[in-house]
Amino acid sequence: ATISKDGKTLTTNTVGSFRIFVKTEHTINHDYSYGENSSNIIKIIPATPTITSLLAIPSSWVYGNTYNIPYPTTSNTDNPGPVISYSTDYPNIISISGTSIIVTGVGNFNIKITVGATTNYNSPPPFIYSYTSIQATTQIEFPRSFHVTATYDISYNFVPAQFVVGDPSTQTITYSIQ
């Protein structure tokens, strides 16, 4: 720790207790002699960091999709920095592994960001963000081999349409002619 000569600025690079010494010096014209020295102890306590970058959150959370959300930066300047983690209290709607978030259900959910303590910084209360996931839109397509013309009175065996996005175990494709 260092202190300015005028005693107005204290600079530290770590938490802990430091003794500050104060002494008098002769004045320019020596009107006063040296006085008593004095000291006191100052305790530097850990700071509490803030999140300094916004999360790169998608505009919508769609069922079945996976999102990679990089960890935010904080005002913690320790090296190594804090351990940051994501969690949720809605595991039936999202699954989290590191920075990978998979939407496994539809509805409201929270993402909780926890920032760990380091040498000079406390762990702040968790940051909680609330979102809503939505259903995915089913997409189907006909295969490339689909006949676009047919001859009267001839039967064709068509390759059926297929899901591009969807779940064949819970959805069916029906056909009709209009």
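This structure is a prediction, so every number in the text was calculated from the model and none was measured. Every chain's residues receive numbers from 1 upward, in the order its sequence appears when written. At least 70 in pLDDT is required for a residue's local features to be given in this predicted model, at least 80 for side-chain atom pairs to be given and counted, and no such filter applies to totals for whole chains, interfaces and linings, which use all residues. Side-chain numbers here rest on the full set of heavy atoms in the structure, without hydrogens or water.

Asks: I'd love a proper account of the overall build of the protein chain, names of residues and values included.
Replies: Helix and strand definitions here come from DSSP, where helices need a minimum of 4 consecutive H or I residues and strands a minimum of 2 consecutive E residues; each element is numbered from the N-terminal end. Helix and strand content of the protein chain: zero helices and 13 strands. Relative accessibility under 20% of the residue-type maximum defines a buried residue, over 50% an exposed one, and the middle range a partly exposed one, all with a 1.4 Å probe and only protein chains included. Counting over 178 residues, the protein chain shows a buried share of 20%. Whether two residues touch is decided by their heavy atoms; if any such pair falls within 4.5 Å, the residues are in contact. Considering only intrachain contacts with a sequence separation of at least 6, the fraction spanning at least 24 residues in the protein chain is 48%. Using a 1.4 Å probe, accessible areas were evaluated by the Shrake-Rupley method; residue-level cover was limited to the displayed protein chains. Total accessible area computed for the protein chain in this model is approximately 13,300 Å², and 53% of it derives from carbon and sulfur atoms.

Asks: Give me the sheet that holds strand 5 (residues 61-62): which residues, what numbers.
Replies: Strand pairing is assigned whenever DSSP detects at least two bridges linking the two strands. Reading across from one edge, 5-11-10-7 is the order of the four strands in this open sheet, with mixed pairing throughout. Of all strands in the sheet, those with a lone pairing partner are strand 5 and strand 7 (84-87), marking the two edges. For strand 5 and strand 11 (residues 127-134), the ladder comprises two bridges, and the chain directions are parallel. If you follow Val62 over to strand 11, its bridge partner there is Ile134.

Asks: With reference to specific residues and values, describe the packing of aromatic side chains.
Replies: Only centres within 6.5 Å qualify two rings of Phe, Tyr or Trp (six-membered ring in Trp) as a pair; their planes then separate them into stacked at under 30 degrees, edge-to-face at over 60, and tilted for everything else. Taken as a whole, this structure holds five aromatic pairs when the rule is applied. Their ring planes at 55° and their centres at 5.0 Å tell us that Tyr71 and Tyr86 sit as a pair that is tilted. You can see Tyr71 sitting in the loop between strand 6 (66-68) and strand 7 and its partner Tyr86 sitting in strand 7, a full 15 residues away along the chain. A residue is classified by how much of its surface remains accessible, and Tyr86, at 8% relative accessible area, is buried. Between the aromatic rings of Phe109 and Tyr131, the centroid separation amounts to 5.9 Å while the plane-to-plane angle is 40°, which identifies the pairing as tilted.

Asks: Which residues make up the environment of Ser97, and what values do they have?
Replies: In this fold, Ser97 is placed in strand 8 (residues 94-97). Separated by 10 residues in the primary sequence, Ser97 and Ser87 have C-alpha atoms spaced 8.6 Å apart.

Asks: Which residues make up the environment of Asp89, and what values do they have?
Replies: Inspection of the secondary structure puts Asp89 in the loop between strand 7 and strand 8. Taking the C-alpha atoms as reference, Asp89 lies 6.7 Å from Asn110; in sequence the two are 21 residues apart.

Asks: Quick rundown of the sheet that holds strand 6? Include the residues and the values.
Replies: Strands sit in the order 6-9-8 across an open sheet of three strands; the sheet is antiparallel. Every other strand in the sheet has two partners, leaving strand 6 and strand 8 as the edge strands with one partner each. Averaged over neighbouring strand pairs, the angle between their axes works out to 20° when direction is ignored. Relative to strand 9 (residues 100-103), strand 6 is paired through three bridges, and the arrangement is antiparallel. In the strand pairing of strand 9, Tyr67 is matched with Ile101. Axis definition: a line fit to C-alpha positions, over the contact stretch in the case of helices; interaxial angles, taken between N-to-C directions, run 0 to 180 degrees.

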